[in-house]
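Structural description and commentary
Here is what each chain is made of, one letter per residue.
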Amino acid sequence: MSNKVTKAVFPVAGLGTRFLPATKSVPKEIMTLVDRPLVQYAIDEARAAGIKEFIFVTSRGKSALEDYFDNMPYLEEELRRKGKTELLETLQATNMESGAIAYIRQHKALGLGHAVWCARRLIGDEPFAVMLPDDVIAAEKPCLAQMVEAYEETGGSMVAAMEVPYDRTSAYGVLDVQEDMGSMVSVKGMVEKPAQGTAPSNLAVIGRYILSPSVLENLNTMKEGAGGEIQLTDAIAQEIGGPNNVYGYRFRGQRFDCGSKAGFLQATVAFGLAREELRDDLASFLQEIMLAQAAE
Ligand code: G1P
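A few points about unusual backbone geometry
In this chain, L20 is followed by P21 through a cis amide linkage whose omega measures 5 degrees. Inspection of the secondary structure assignment puts P21 in the loop between β1 (7–11) and β2 (32–33). Phi is positive for V34, close to 65 degrees, though the residue is something other than glycine. Mapped onto the elements, V34 comes out in the loop between β2 and β3 (36–37). With phi around 45 degrees, K193 is a residue other than glycine that occupies positive phi space. With respect to the helices and strands, the residue K193 is situated in the loop between β10 (184–192) and β11 (203–211). Judged by relative accessible area, K193 falls into the partly exposed class, the value being 42%.

The following block contains the structure:
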């Protein structure tokens, strides 16, 4: 079995109900963060980590997402003709190599574990990444690249982790820490969405994973867990105590929960401020409205 991580699964079958009515006709993953769809951030992060094959687990109503990854030769030609080189380069940076991208349908919304399991035949017997595009991470070195580097030392399975306030732990998968080694922790248990006051720690799983293929075997027989869904967290937890250890990795970077409106807006402001051409105008606008609000 090769230990190189070259495949990533992107579960994008969710209905995006939190963004209705926008998501009536636009898949959540196509919604725009500054000028790029959410999913492009995840793709770029995957590429930076050496991912070569991109597996999308989709559902009905996601065809705009598939179209997004098609090349646009006419538009490219038009931009070339008009000498708009910068735009042309931006557009070309989103082109995917033929055969590098695959779509699998999740026929029923049975949970994240089930979504990943749907991709099992395309993954085969090698370690693979899972990326949840809702979690957008701003980082100097992209989060998955940090994890791939750490994983080369550890093997096993690894989840991105971050401290959250204790009263928010019920929204996450939460780690029960065996040994805390700083940026890395070894894990002796994992609980998906623990009830208020029962979380084993406040170290939460964030949507980046590097998983051993044995997790897929665990999913073969996985029963419903939290929320009546087949949970990826449970299939990873089943690895604990076996030959493949489970690690949490405290990544360096800022995570935005773009699955929520507040998180999406925060990401829009942060990524806007990070862009040179937008920074000054946006910053002075923010200052103005903050002052106006303080004066109210
Ligand atoms: C999923 C996972 C959860 C993880 C979270 C991170 O939950 O099941 O373990 O902590 O992503 O964003 P969801 O947010 O899809 O309910």
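Comments concerning the packing of aromatic side chains
By the definition in use, this model includes eight aromatic pairs. For the pair F56 and F69, a centre-to-centre distance of 5.2 Å together with 45 degrees between the ring planes defines the contact as tilted. Of this pair, F56 sits in strand β4 (residues 53–58) while F69 sits in the loop between α2 (63–68) and α3 (73–81), and the two are 13 residues apart along the sequence. One exposure class covers both F56 and F69, and it is buried. Here F256 and F271 contribute two aromatic rings whose centre-to-centre distance is 5.9 Å and whose plane-to-plane angle is 65 degrees, an arrangement assigned as edge-to-face. One end of the pair, F256, is in strand β13 (residues 254–257); the other, F271, is in helix α10 (residues 261–273), with 15 residues separating them in the sequence. Both residues of the pair, F256 and F271, count as buried. Each residue in the set F10, F54, F56, Y68, F69 and Y103 is aromatic and connected to the rest through ring pairs, giving one cluster. A cation sits over an aromatic face here: R36 above Y41, 4.0 Å from the ring centre.

A look at helix α11 (residues 276–295)
The end-to-end C-alpha distance of α11, which contains 20 residues, comes to 29 Å, matching closely the 28 Å that a straight helix rising 1.5 Å per residue would cover. The buried fraction of α11 amounts to zero of the 20 residues, a small share that puts the element mostly on the outside.

Comments concerning helix α7 (residues 143–154)
Relative to the 16 Å expected for 12 residues at 1.5 Å per residue, α7 spans 16 Å between its end C-alpha atoms, a close match to the ideal helical length. Along α7, the residues that are buried comprise C143, L144, A145, Q146, M147, V148, A150 and Y151. Among the residues trailing α7, G155 stands out with phi positive, at a value near 65 degrees.

Looking at the pattern of salt bridges
The tally for this structure, following the rule as stated, stands at 16 salt bridges. Across the pair R80 and E76 runs a salt bridge whose closest N-O atoms are separated by 4.0 Å. In this pair, R80 and E76 are both assigned in helix α3, four residues apart and thus about one turn of the helix distant. Owing to a relative accessible area of 9%, E76 belongs among the buried residues under this scheme. Its salt-bridge partner being E277, residue R275 comes within 3.2 Å of it at the nearest N-O pair. Looking at R275, the relative accessible area reads 23%, which means it is partly exposed. By relative accessible area, E277 is classed as exposed at 54%.

Some thoughts on the site of the ligand
By nearness alone, 13 residues border the ligand, and D135, G173, E192, K193 and V205 come closest of all. In this structure, T233 approaches the ligand through a side-chain N or O atom, which is 3.3 Å from an oxygen atom. Expressed as a share of its isolated accessible area of 380 Å², the protein-covered part of the ligand is 75%. Top element by residues in the shell around the ligand is β11. It accounts for three residues. Counted by class, the shell around the ligand contains five nonpolar, four polar and four charged residues.

The rules behind each value
Residues numbered from 1 in each chain as written. Predicted model: local features only at pLDDT ≥ 70, side-chain atom pairs only at ≥ 80, totals over all residues. Heavy atoms only, no water. Helix = DSSP H or I, 4+ residues; strand = E, 2+ residues; numbered from the N terminus. Buried < 20%, exposed > 50% of the residue type's maximum accessible area, 1.4 Å probe, protein only. Phe/Tyr/Trp six-rings, centres within 6.5 Å; stacked < 30°, edge-to-face > 60°. Lys NZ or Arg CZ within 6 Å of the ring centre and 35° of its normal. Expected span 1.5 Å × (residues − 1). Salt bridge = Lys/Arg side-chain N within 4 Å of Asp/Glu carboxyl O. Near = heavy atom within 4 Å. Polar contact = N/O pair within 3.5 Å; in protein donor to acceptor, adjacent residues only side chain to side chain. Areas by Shrake-Rupley, 256 points an atom, 1.4 Å probe, with all protein chains shown as cover. Nonpolar A, V, L, I, M, F, W, Y, C, P; charged D, E, K, R; others polar.

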